[in-house]
Amino acid sequence: DFSGKTVGAQAATTKEDLVTNDMEGAKLLSLTTVPDLINNLLFDKCDAVVLDAAVARQYADANPDLVISDVALGVAAPYRVAVKKGDPKNLLPTINAAIEKAEKAGLLNTWMDEAIKLSGDAE
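If you're wondering where the values come from, they're calculated on a predicted model, not measured in any experiment.

Trainee: Would you explain the sheet that holds strand β2 (residues 27–31) in this entry?
Mentor: Either a parallel or an antiparallel arrangement is found when strands of a sheet pair, and the pairing is made through backbone hydrogen bonds. If you trace the 3 strands from one edge of the open sheet to the other, you get β2-β1-β3, paired in parallel fashion. In the strand order of this sheet, the two ends are held by β2 and β3 (48–49), each with one partner. Where strand β1 (residues 6–10) and β2 come together, 5 bridges link them in parallel fashion. From the neighbouring strand, Gln 10 faces β2, where its bridge partner is Leu 31. The strands that helix α1 (residues 14–22) touches are β1 and β2; relative to β1, the one it contacts most, it runs at about 155°. Each of β1, β2 and β3 is contacted by helix α2 (residues 34–42), which is oriented at about 135° to β2, the strand it contacts most.

Trainee: Sorry if this is basic, but what is going on with α2 here?
Mentor: Along an α-helix, residues three or four apart share an orientation, since each turn contains 3.6 residues. Looking only at α2, the buried set comprises Val 34, Leu 37, Ile 38 and Asn 40. Taken end-on, α2 shows its buried residues confined to a sector of 160°, consistent with a single buried face. Along its buried surface, α2 packs onto β1, β2, β3 and α3 (53–62). A positive backbone phi angle near 60° is found at Asp 44, which sits one or two residues after α2.

Trainee: I'm lost on the pattern of salt bridges in this one. Help?
Mentor: Think of it this way: side chains of opposite charge can pair up when their charged atoms draw near. Within the structure shown, the criterion is met by 2 salt bridges. The salt bridge partner of Asp 52 is Lys 15, with a shortest N-O separation of 3.0 Å. Residue Asp 52 is found in the loop between β3 and α3, and its partner Lys 15 is found in helix α1; the two are separated by 37 residues along the sequence.

Trainee: When you look at helix α4 (residues 92–104) in this model, what are you seeing that I'm missing?
Mentor: Over its 13 residues, α4 runs 18 Å from end to end, which matches the ideal 18 Å to within 8%, given 1.5 Å per residue. Taken from the residues just after α4, Gly 106 is the one with a positive phi, measuring 70°.

Criteria and cut-off values
- Residues numbered from 1 in each chain as written.
- Predicted model: local features only at pLDDT ≥ 70, side-chain atom pairs only at ≥ 80, totals over all residues.
- Heavy atoms only, no water.
- Pairing = 2+ DSSP bridges.
- Helix = DSSP H or I, 4+ residues; strand = E, 2+ residues; numbered from the N terminus.
- Contact = heavy atoms within 4.5 Å.
- Axes fitted to C-alpha atoms, helices over the stretch in contact; angles between N-to-C directions.
- Buried < 20%, exposed > 50% of the residue type's maximum accessible area, 1.4 Å probe, protein only.
- Arc of directions from axis to C-beta.
- Salt bridge = Lys/Arg side-chain N within 4 Å of Asp/Glu carboxyl O.
- Expected span 1.5 Å × (residues − 1).

Laid out in structure tokens, this is it:
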């Protein structure tokens, strides 16, 4: 029950929509960066933060004061592949087959974890 609670989400992301639409009674704390959201959580300026699972896992692993909740919010589908309207080059069948193959092999989560690690290494 998030009613009356302040829940953080990164500005201009689908996470804001989840707080606004799926967490009845929650007050949205919208900030630009995830580290700012985490600091607000750690210093009791908000009650929870909505993050992608891999990002949340990374912060929880690095900070013993954080825990990941098993709250299911909406349908998570933030990533898309776009092609020109009408798919004039007939790319969608190949793209969809590649995505399906990667999903079945369990590669999408692996790639996401690797991308998050690499982005952290670049800072």
